[in-house]
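So the chains spell out like this:
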Amino acid sequence: MLKQLITGAALLSAATAPTLAADINMPFGQVGFEIYRTAVEMRTAKGHEQVPLLMDYLSKKFISGGFAAEDVHTLPIGKTGALVVRYRGDGSSGKKPISISAHMDVVDALRKDWTEDPYKLIEKDGFYIGRGTLDNKAGLTAVTTVFLRLKAEGWVPNRDLIIAFSGDEETSMASTKALVSEFRALTDSEFMLNSDAGGGLLPEDGSTPPAYGMQAAEKTYVTYTLTVRNPGGHSSRPRDDNAIYDLADALRKIQAYRFPVRQNELTKAFFEGTGPTTPGAMGKAMTAFAKNPKDQDAIKTLRTSSDYVGTIGTTCVATMLSAGHAENALPQSATATVNCRVFPGEGVQNTENTLKKIVGNEAVEFEMISDPVESDASPLRADILAAVQQAVDAKYPNLKIIPSMSSGGTDGMHFRAAGIPSYGVNGIYIKSSDRFAHGLNERLPVVALYDNFEHWYVLLKAIAS
Ligand SMILES: [Zn+2]
């Protein structure tokens, strides 16, 4: 899953213009392009078992690029796997390593649905087109290429840098979990930089983006089924209790309920930063809410937006429904699926208790059907912000960094849950209309591939020199 900040349209773009011409002729540009093409052309979707091929390919690149074989770990995990590469530092900072993540797998794509073969990298009209060109093979390639470039240049970081690539981020995340548990000795680090999140949204006219978004928190994803059972009977003889009506009552209560409004350091900074560039009443509400999280008018306005309602608290919503077994029988059971996105710190158990309380009917059976991973927001650290700012400045000088919280689902949540703060800091700038992650004809502006190489080059040097 790829998470990027969505800010409102830019009212005023800063008087800065891109300063950097990164392209295939940049140092390691050609090497990076070959890695990108090879990675995109491997069908690393679930069921195709090509992640091990990609791991093997990448590990050979690292070893031939000067990394010691004992520092390159290909870790088979079921039919997928994880790849860990340690870039040895001189230890002069006296600090723990930094890990860097990307995922090697993709959501599958079918030839018949696409205009061209999704597993053939095509360059057309200024875009690279193919499955994974954006999510997340661009990030994976950037991190790999920059490790190779820095090694070739003889750079030695002042602490170890650890690549930790997962192999099933889009599905079960078993490899991500293994990276921070079973293989923790290989990945243990002070914090993690995630190439699968962060970046900037370009205005549709292609001018300077309003801000750079750094993902520093994720909500907790949790799903329940709510079931009501009933003896049922013949529909010609209705009874007062009815599984469908009882379930509908419960759902109407959930629909009407608003979870408490929450704000943390990160969402406050998000609204502070996004308000001034968001037009109209929504922008004003953001600014007001950042100042005063109890501002009822602001809360009311933010709740009207599906983009922002989730940024001010926990949400739970009905997503699926099934009930009854015959058109002439009283229903013997009725089940609804309710998906929640829990605000950091609110707690899954607390959310479940709240749902049960507002439903107020013990006949409604709750069952948790997902395996939630709770994680706190990662602290906003001056050293990380300063390094990211240097990388952002390479493309857009003085572009403001705005921290963001995503709705849940990147490798970062497992790292955070394991006590390793994580930051989505990829360097891709793209228009909303060009974003097709998980969808058809996924693409990446050609220039964005090379800009991202430069972004990671500056970022890693800034954070570990
Ligand atoms: Zn992704």
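Residues numbered from 1 in each chain as written. Predicted model: local features only at pLDDT ≥ 70, side-chain atom pairs only at ≥ 80, totals over all residues. Heavy atoms only, no water.

1. Description of the pattern of salt bridges
Okay, step 1: Within the structure shown, the criterion is met by 24 salt bridges.
Okay, step 2: Among the salt bridges present, the one from Asp160 reaches Arg86, with a minimum N-O distance of 2.8 Å. With Asp160 in the loop between α3 (137-152) and β6 (161-166) and Arg86 in strand β2 (residues 80-87), the pair connects residues that are 74 residues apart, well separated along the chain. Both residues of the pair, Asp160 and Arg86, belong to the buried class. (Salt bridge = Lys/Arg side-chain N within 4 Å of Asp/Glu carboxyl O. Helix = DSSP H or I, 4+ residues; strand = E, 2+ residues; numbered from the N terminus. Buried < 20%, exposed > 50% of the residue type's maximum accessible area, 1.4 Å probe, protein only.)

2. Observations regarding the sheet that holds strand β5 (residues 127-129)
Okay, step 1: The three strands are arranged β4-β5-β19 in an open sheet whose pairing can be described as antiparallel. Looking at which strands have only one partner, the edges of the open sheet turn out to be β4 (122-124) and β19 (443-445). Strand-to-strand, the axes of this sheet are offset by a mean angle of 25°, without reference to chain direction.
Okay, step 2: As paired elements, β4 and β5 share three bridges and run antiparallel to each other. For Lys124, the partnering residue across the bridge sits in β5 and is Phe127.
Okay, step 3: Against the sheet, helix α13 (residues 446-463) touches β4, β5 and β19, its axis set at about 70° to β19. (Pairing = 2+ DSSP bridges. Axes fitted to C-alpha atoms, helices over the stretch in contact; angles between N-to-C directions. Contact = heavy atoms within 4.5 Å.)

3. Some thoughts on the domain arrangement of the chain
Okay, step 1: Domain parsing of the chain yields domain 1 (29-218 + 376-463) and domain 2 (220-368).
Okay, step 2: For domain 1 and domain 2, the distance between their C-alpha centroids amounts to 33 Å.
Okay, step 3: Facing 16 residues of domain 1, the contacting portion of domain 2 comprises 16 residues.
Okay, step 4: Each partner contributes to the roughly 1,100 Å² buried at the junction of domain 1 and domain 2, and carbon and sulfur atoms together form 70% of this total.
Okay, step 5: Applying the counting rule to domain 1 against domain 2 returns zero residue pairs in polar contact (both at pLDDT 80 or more).
Okay, step 6: Every element with two or more residues in the side of domain 1 that touches domain 2 is listed here: β9 (212-218) and β16 (401-406).
Okay, step 7: Considering each element in turn, the side of domain 1 that touches domain 2 owes the most residues, four residues, to β16.
Okay, step 8: Residues belonging to the side of domain 1 that touches domain 2 are distributed by class as follows: nine nonpolar, four polar and three charged. (Domains from an automatic or database assignment. Buried area = accessible area lost by both parts, 1.4 Å probe. Polar contact = N/O pair within 3.5 Å; in protein donor to acceptor, adjacent residues only side chain to side chain. Nonpolar A, V, L, I, M, F, W, Y, C, P; charged D, E, K, R; others polar.)

4. Some details on helix α7 (residues 265-274)
Okay, step 1: Taking burial as the measure, the ten residues of α7 include seven buried ones, the bulk of the element.
Okay, step 2: Taken together, the buried positions of α7 are occupied by Leu266, Thr267, Ala269, Phe270, Phe271, Gly273 and Thr274.

5. Regarding the sheet that holds strand β14 (residues 333-342)
Okay, step 1: Pairing in this open sheet of four strands is antiparallel, and the strands run β12-β14-β10-β15 from one edge to the other. This sheet does not close on itself; its edge strands, each paired only once, are β12 (315-323) and β15 (364-368). Taken pair by pair, the neighbouring strands of this sheet meet at an average axis angle of 25°, ignoring direction.
Okay, step 2: The pairing of β12 with β14 spans eight bridges and is antiparallel. Following the sheet pairing, Ala318 is matched in β14 by Val338.
Okay, step 3: Packed on one face of the sheet, helix α6 (residues 243-256) meets β10 (220-229), β12, β14 and β15 and runs near 15° to β14.
Okay, step 4: Helix α10 (residues 348-359) rests against β10, β12, β14 and β15 of the sheet, and its axis sits at about 165° to β15.

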